[in-house]
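Inside the fold
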Amino acid sequence: MIPAVPGVVTGDDIAATAASIAAVQLPDGGVPWPEGHVDAWNHVECLMAMTAAGLREASARGWEWIRRHQRPDGSWPMKVLNGEPLEDRGESNHAAYVAVGVWHDLLITGDEAFAREMWPTVSRALDFVTGLQTRRGEIVWEAAPGSYALLTGCSSVYQGLRCGVRLAERLGDPQPGWELAADRLGHVLREHPEAFADKSRFSMDWYYPVLGGALRGERALRRLDDDWDRFAVAGLGIRCVSDQPWVTGAESCELVLTLDAVGDDDRALKVFTEMQHLRHPDGGYWTGWQFVNERHFPNERSAYTAAAVILAADALSRTTPANGVFRDAGAAAEDRATADCGCQRAGAF
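Residues numbered from 1 in each chain as written. Predicted model: local features only at pLDDT ≥ 70, side-chain atom pairs only at ≥ 80, totals over all residues. Heavy atoms only, no water.

1. A word on the layout of surface pockets
- Here the largest pocket is characterised by a volume of approximately 1,100 Å³.
- Looking at the largest pocket, it is lined by 37 residues, and the ones nearest its centre are W33, N42, N93, M204 and E251.
- Looking at side-chain class alone, the lining of the largest pocket contains 15 nonpolar, 10 polar and 12 charged residues. (1 Å grid on protein atoms, 1.4 Å probe; cavity = no way out; pocket = protein on both sides within 12 Å on 5 of 7 lines; lining within 4 Å. Points joined across faces, edges and corners; volume = space filled by probe spheres on them. Nonpolar A, V, L, I, M, F, W, Y, C, P; charged D, E, K, R; others polar.)

2. Examining the packing of aromatic side chains
- Per the stated rule, a full pass over the model turns up 10 aromatic pairs.
- With a centroid separation of 5.3 Å and an interplanar angle of 70°, the aromatic rings of W246 and F297 are classed as edge-to-face. With W246 in strand β5 (residues 246-248) and F297 in the loop between β7 (295-296) and α13 (303-317), this residue pair connects regions lying 51 residues apart in the sequence.
- Given the relative accessible area of 44%, F297 is considered partly exposed.
- Members of the aromatic cluster, each reached through a chain of ring pairs, are W206, Y207, Y208, W228 and F231. (Phe/Tyr/Trp six-rings, centres within 6.5 Å; stacked < 30°, edge-to-face > 60°. Helix = DSSP H or I, 4+ residues; strand = E, 2+ residues; numbered from the N terminus. Buried < 20%, exposed > 50% of the residue type's maximum accessible area, 1.4 Å probe, protein only.)

3. Examining unusual backbone geometry
- Between F297 and P298 the backbone carries a cis peptide bond, its omega angle lying at -10°.
- Relative to the assigned elements, P298 resides in the loop between β7 and α13.
- Unlike most non-glycine residues, E294 shows phi in positive territory, near 55°.
- Checked against the element boundaries, E294 lands in the loop between β6 (288-290) and β7.
- Positive phi values are uncommon outside glycine, yet R318 reaches one of about 55°.

And the structure:
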């Protein structure tokens, strides 16, 4: 079954949205940004969306791209253009998200043979990620001298580690080191905001600690309420950055997934409904809308925005067996002992 949200988008609508992603997929399997380059995180997001909408052949070609471009250290180039790396640096959140994608595929398809085929790729990726963890517990964003940690990136890494742990257990190859790394990272995400570079003008830094699963319960709801008026624009969606009159579809749908994860169903459906002004007749979605100039900005329709719409529709409609992949990321939130940093802090977020 293809996800559908009654009164907002039909199954045919979502099928058209998935087709808009497949239409831009490159011959080598990569799903690019409108600028033409491919990065592993957004690429995996698009594969997840196509799988949720039944386009498994296109998704399989995308997973071949992932295997082909993984480097010996377990990472991926930050950007790939025409099959060649544009930048040599590897990002921790790009590598970690591969585990989310493979776990998501297994939940939907039940294809354990494929998961086993991807297991060495996932294993190398998460070993790369945990190798970037600091003594305190945060994970720096790239493998480069002087690198620092990002709140959004680490929140996504947290979900990747949790999905990797579940995948490892399912395949009979438990990875307690990844679980410990996730426990330590979750503690830092909840209790040590000083560990991360200040990117608070970006809405992702607002909701990602909840979306990634490190924060749940009253603390999560309070965090979302505290900055709601700063980022939410009634009738349009969510700002990308707090100081610009610009709402974006991907961030809006990620917030839908966040609200769904904490049971705020009314606001989740409201935001999903409001962002539909970005839908194009071909099923794709404009990246964003500048609401002072009243024009689409950038003047593009992005595959990653379409992917976020599909994943949000699946979460709201509870359609595929993977509809809870973001909701379930918080199953271990605050259930574990604190990390080895020696602090007694609580409630920083």
